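Residue-level listing of the chains:
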Amino acid sequence: MTTKIIHFMLNGRLQQAEFRDDCSTAEVKDLFRAAAEAEPHHILKMYNINGSVVNISPRLDTNSVDSYYRLEVVASDLKSVGMPTELDSMEHRLQRLENKVSEEAVKSPDAIADLKSQVESFKRKLESVEHLSWMGLFKEDSDHQLSTLSPKPKTSGLSLQEDRQQVRRKFLNMSSLQVTEEVREHLKTPIFDNWQWEEAEMLVLLQVMFTDLDFLTAFHIELDVLQNFLFEVFCHYNNIPFHNFRHCFCVTQMMYGLIWLTELRSKLSRIDLLIMLTSALCHDLDHPGYNNVYQINAQTDLALRYNDISPLENHHCAVAFGIMSKPECNILKNLTCEQYKHIRGGMIKCILATDMARHNEILNKFKTMQPVFDFTNKDHKEVLMKIMVKVSDISNEARPMAVAEPWLDCLLQEFFNQSDTEKLKGLPVTPFMDRDKVSKPSSQTNFIRFVLLPLFTELTKLFPCLEEHILEPVRRALDYYSDLERAGKEETKE
Ligand code: 5GP
Ligand code: MN
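Scope of this entry: the structure provided in the associated data block. (Residues numbered from 1 in each chain as written. Chains lettered and ligands numbered in written order. Predicted model: local features only at pLDDT ≥ 70, side-chain atom pairs only at ≥ 80, totals over all residues. Heavy atoms only, no water.)

### Some remarks on the packing of aromatic side chains
Quick note on the threshold: For Phe, Tyr and Trp, where Trp contributes only its six-membered ring, two rings pair if their centres lie within 6.5 Å, and the inter-plane angle classes them as stacked under 30 degrees, edge-to-face over 60, or tilted in between. A 1.4 Å probe rolled over the protein chains alone gives each residue an accessible area, and that area as a share of the maximum for its type sets the label: buried under 20%, exposed over 50%, partly exposed in between. Think of it as a cone above the ring: NZ of Lys or CZ of Arg counts as a charge over the ring if it is within 6 Å of the ring centre and within 35 degrees of the ring normal.
Applying the stated criterion across every chain yields a total of 17 aromatic pairs. Centroid distance Phe 215 to Phe 219: 5.8 Å. Interplanar angle 50 degrees. Geometry classified as tilted. Side by side, Phe 215 and Phe 219 carry an identical accessibility label, which is buried. Centre to centre, the rings of Phe 373 and Phe 375 are 5.0 Å apart; their planes meet at 70 degrees, and the pair counts as edge-to-face. Taking relative accessible area as the criterion, Phe 373 reaches 14% and is therefore assigned buried. For Arg 344, the ring lying beneath its charged end belongs to Phe 321, and the centroid distance is 4.6 Å.

In structure tokens, the structure reads:
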């Protein structure tokens, strides 16, 4: 454990902060909030010497007086940057509503869970108003909520259709050329913070991934077709706590990061990279928020249609090819029949591989190939591609704690919603989803020990560089949740 000294500029004055590198993110944030005399509703942003935003966490790189960070209180008072005064009172209403939702949650789970997710989504919108600015985009655009003083129709008051069209407009108004080199490089790493971006921005970043992997030129994908495709993908994710468009973005971004970190471009063909990235993008399309076990037990339409065989994954994949059946969205339309068949076959295999019921089957197959892994062997490549998509799918804990932890809340919210419904309907209750049985630490320690570490360790054998990028963060997360679990047990003993 060491003490870190961080130099930073605040309101034109150079200051320094001191903390131990084993303290929590919350403690470091509090330290800087205190220095900035920030009120609870203020948002703090830290910029490095290059002007890029950095996470305020114990992992902040130490610096010198010459390379100080810049600390700013942004969107400090929404009214002063042109937000309507009602917003303040709306925030209070939201707070009250949120309290009420928590109190009522046990009584009427379905409707409340729905309300809760709406509250969460609105809260995120409030918090993300500022974020377009640091991407260097939209400064002059009247669509940008901060750039005008006149109150705009609030997104929350718009219908789903209008809301999506607004995202589409924003997305199309931005160009991937405007994404700075820093952001492009950051996008290639697992420490990328998804929470800082709103939906239209994530669409631009996905576009950047396709362009920076040269998919547009290699597969003759027209930019407007790619944009239509990405927008349709966005529209086909549901507004649910976990399996939403942001999860899709994270999984695709991790896939993208892994491609760069492992230098996969020199080991697999570009067409295989396209299969992996597009599979990640489509892997949870139209997820209803209830897993396969529920689909089968509740005999849903999906379970009926797919005869209880991976009903969700079959559906995600069918929706993907449904989107591509429209020529204006078909990113594969300029390929030869043979190429199309190869991509379709590959995507079906990769997306069906994300059914966790097949986890051991796929991991064991990969293990048997490991000692003599052969990048020219078709079967080996196929299993590796499945493994890469699977790793990306369940990689939240490989991200910095401040990025990963909110995902766990989202996941448990969706889990609890399912188990509440199962209880109401008299269906078997999935134990790891039962709010009476699981806690955040217990859910993570088991998942990390028995699922993540064995999987990530196996992939790290093939790509040793992943040790530092995904294995170590996962080990740290295990330590963190094990400590919490122990502390919880000791508390109940007392
Ligand atoms: P997905 O449904 O996202 O395609 O497949 C991944 C599944 O793995 C999730 O539904 C969930 O059951 C599980 N999973 C992914 N990440 C985590 C995690 O961080 N903790 C736990 N307990 N389960 C996870
Ligand atoms: Mn997923």
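### Here's the deal with the packing of helix 4 (residues 160-173) against helix 8 (residues 223-235)
Quick note on the threshold: Angles run from 0 to 180 degrees between N-to-C directions of axes, and those axes are lines fitted to C-alpha atoms, restricted for helices to the stretch in contact. Where helices and strands are cited, they refer to DSSP runs of H or I of at least four residues and of E of at least two residues respectively, numbered from the N terminus. Orientation labels follow simple angle bins: below 35 degrees gives roughly parallel, above 145 gives roughly antiparallel, 65 to 115 gives roughly perpendicular, and whatever is left gives oblique. Should the near helix be turned anticlockwise from the far one by less than a right angle, the crossing is left-handed, and should it be turned clockwise, the crossing is right-handed. By the convention used here, residues are in contact when the closest approach between their heavy atoms is within 4.5 Å. Ten residue types, Ala, Val, Leu, Ile, Met, Phe, Trp, Tyr, Cys and Pro, are classed as nonpolar, four, Asp, Glu, Lys and Arg, as charged, and the remainder, Gly among them, as polar.
Remark: helix 4 packs on helix 8, axes separated minimally by 11 Å, with the N-to-C direction vectors making an angle of 150 degrees. When the interaxial angle is binned, helix 4 and helix 8 end up roughly antiparallel. The chirality of how helix 4 crosses helix 8 is right-handed. Contacts between helix 4 and helix 8 involve Arg 164, Gln 165, Val 167, Arg 168, Phe 171 and Leu 172 from the first element and Gln 227, Asn 228, Leu 230, Phe 231, Phe 234 and Cys 235 from the second. Class assignment for the residues of the contact of helix 4 with helix 8 results in seven nonpolar, three polar and two charged.

### Let's talk about the coordination of the manganese ion (ligand 2)
Definition in use: A 2.8 Å cut-off from the metal defines N, O and S donors, relaxed to 3.2 Å for Na, K and Ca; water is not in the atom list, so some sites may appear incomplete. In short, tetrahedral needs four donors with all angles between 85 and 135 degrees, square planar needs four and octahedral six donors with opposite donors over 155 degrees apart and all other angles between 65 and 115, and whatever is left is irregular.
At 2.1 to 2.2 Å from the manganese ion (ligand 2) lie its protein donor atoms, namely His 247 (NE2), His 283 (NE2), Asp 284 (OD) and Asp 393 (OD). Around the manganese ion (ligand 2), the six donor atoms sit at angles spanning 59 to 164 degrees, and that spread fits a shape best called irregular. All donor residues of the manganese ion (ligand 2) come from one chain, and their arrangement in sequence is H-x35-H-D-x108-D. Taken together, the residues span a long stretch of sequence, with His 247 in helix 9 (residues 245-261) and Asp 393 in helix 16 (residues 378-393) at a distance of 146 residues.

### Description of the pattern of salt bridges
Put simply, the rule reads: In the sections that follow, a salt bridge refers to a side-chain nitrogen of Lys or Arg positioned within 4 Å of a carboxyl oxygen of Asp or Glu.
In this structure the tally under the stated criterion is 20 salt bridges. One salt bridge in this structure joins Glu 72 and Arg 70, with 2.3 Å as the shortest N-O distance. Residue classification places Glu 72 among the partly exposed residues on the basis of a relative accessible area of 28%. For Arg 70, a relative accessible area of 33% puts it in the partly exposed group. In this structure, the salt-bridge partner of Arg 486 is Asp 483, at a minimum N-O distance of 3.3 Å.

### Some words on the environment of Lys 326
Mapping Lys 326 onto the fold places it in the loop between helix 13 (311-324) and helix 14 (337-352). The partly exposed category is assigned to Lys 326, whose relative accessible area is 33%. Separated by 97 residues in the primary sequence, Lys 326 and Phe 229 place their C-alpha atoms 9.2 Å from one another.

### Brief notes about the environment of Asn 292
How we decide: Under this definition, polar contacts are N or O atom pairs within 3.5 Å; protein pairs additionally need one hydrogen-donor-capable and one acceptor-capable atom, and for neighbouring residues in sequence, both atoms have to be side-chain atoms.
Locating Asn 292 in the fold gives a position in helix 11 (residues 292-297). Taking the C-alpha atoms as reference points, Asn 292 and Leu 302, separated by 10 residues in sequence, lie 9.1 Å from one another. Those residues within four positions of Asn 292 in sequence are excluded, and the remaining contacts are Ser 310, Pro 311, Leu 312, Glu 313 and Asp 355. At 2.9 Å, the side chain of Asn 292 and the backbone nitrogen of Leu 312 are in polar contact.

### Some remarks on helix 14
Heads up, the rule is: By this rule, a helix spans an expected 1.5 Å times one less than how many residues it contains.
Taking 1.5 Å as the rise per residue, helix 14 with 16 residues should run 22 Å; its terminal C-alpha atoms sit 22 Å apart, in good agreement. What helix 14 keeps buried is the set Ile 343, Gly 346, Met 347, Cys 350, Ile 351 and Leu 352. Tucked inside the fold, the buried residues of helix 14 contact helix 10 (270-282), helix 13 and helix 16.

### Observations concerning the side chain of Lys 188
With respect to the helices and strands, Lys 188 occurs in the loop between helix 5 (181-186) and helix 6 (199-212). With sequence-adjacent residues up to four places away left out, Lys 188 is seen in contact with Tyr 256, Gly 257, Trp 260 and Leu 261.

### Examining the packing of helix 6 against helix 10
Two elements in contact, helix 6 and helix 10, have axes whose closest approach is 11 Å; the angle formed by their N-to-C orientations is 170 degrees. What the angle tells us is that helix 6 and helix 10 run roughly antiparallel. Residue-level contacts link Leu 206, Met 209 and Phe 210 of helix 6 to Leu 274, Leu 277, Thr 278 and Leu 281 of helix 10. Across the contact of helix 6 with helix 10, the residue classes tally to six nonpolar, one polar and no charged.

### Considerations on the site of ligand 1
In plain terms, the rule: Any residue with at least one heavy atom within 4 Å of a molecule or strand is counted as near it. To be clear on the numbers: accessible area is Shrake-Rupley with a 1.4 Å probe, and residue cover counts the displayed protein chains and nothing else.
Surveying the vicinity of ligand 1 reveals the residues His 243, His 247, His 283, Asp 284, Met 356, Asp 393, Ile 394, Leu 411, Phe 415, Ser 443, Gln 444 and Phe 447. His 243 places a polar side-chain atom, nitrogen or oxygen, 2.7 Å from an oxygen atom of ligand 1. Here an oxygen atom of ligand 1 sits 3.3 Å away from a polar atom, N or O, in the side chain of Asp 284. Protein coverage of the free-state accessible area of ligand 1, which is 490 Å², stands at 88%. Sorting the residues of the shell around ligand 1 by element identifies helix 17 (401-425) and helix 18 (440-462) as the ones contributing at least two each. Looking at the shell around ligand 1 element by element, the count peaks at three residues for helix 18. Across the shell around ligand 1, the residue classes break down as five nonpolar, five polar and two charged.

### Things to note about the pairing of strand 1 (residues 3-10)
Rule in force here: Only when DSSP finds a minimum of two bridges between them are two strands counted as paired.
Among the eight residues of strand 1, six are classified as buried, and the element is accordingly described as predominantly covered. What sits between the antiparallel neighbours strand 1 and strand 2 (residues 13-20) is a turn of two residues, in which Asn 11 has the positive phi angle 50 degrees.

### Points about the environment of Glu 468
The topology assignment puts Glu 468 in helix 19 (residues 466-493). What makes Glu 468 exposed here is its relative accessible area of 52%. Sequence separation between Glu 468 and Ala 398 is 70 residues, and the spatial gap between their C-alpha atoms is 10.0 Å.

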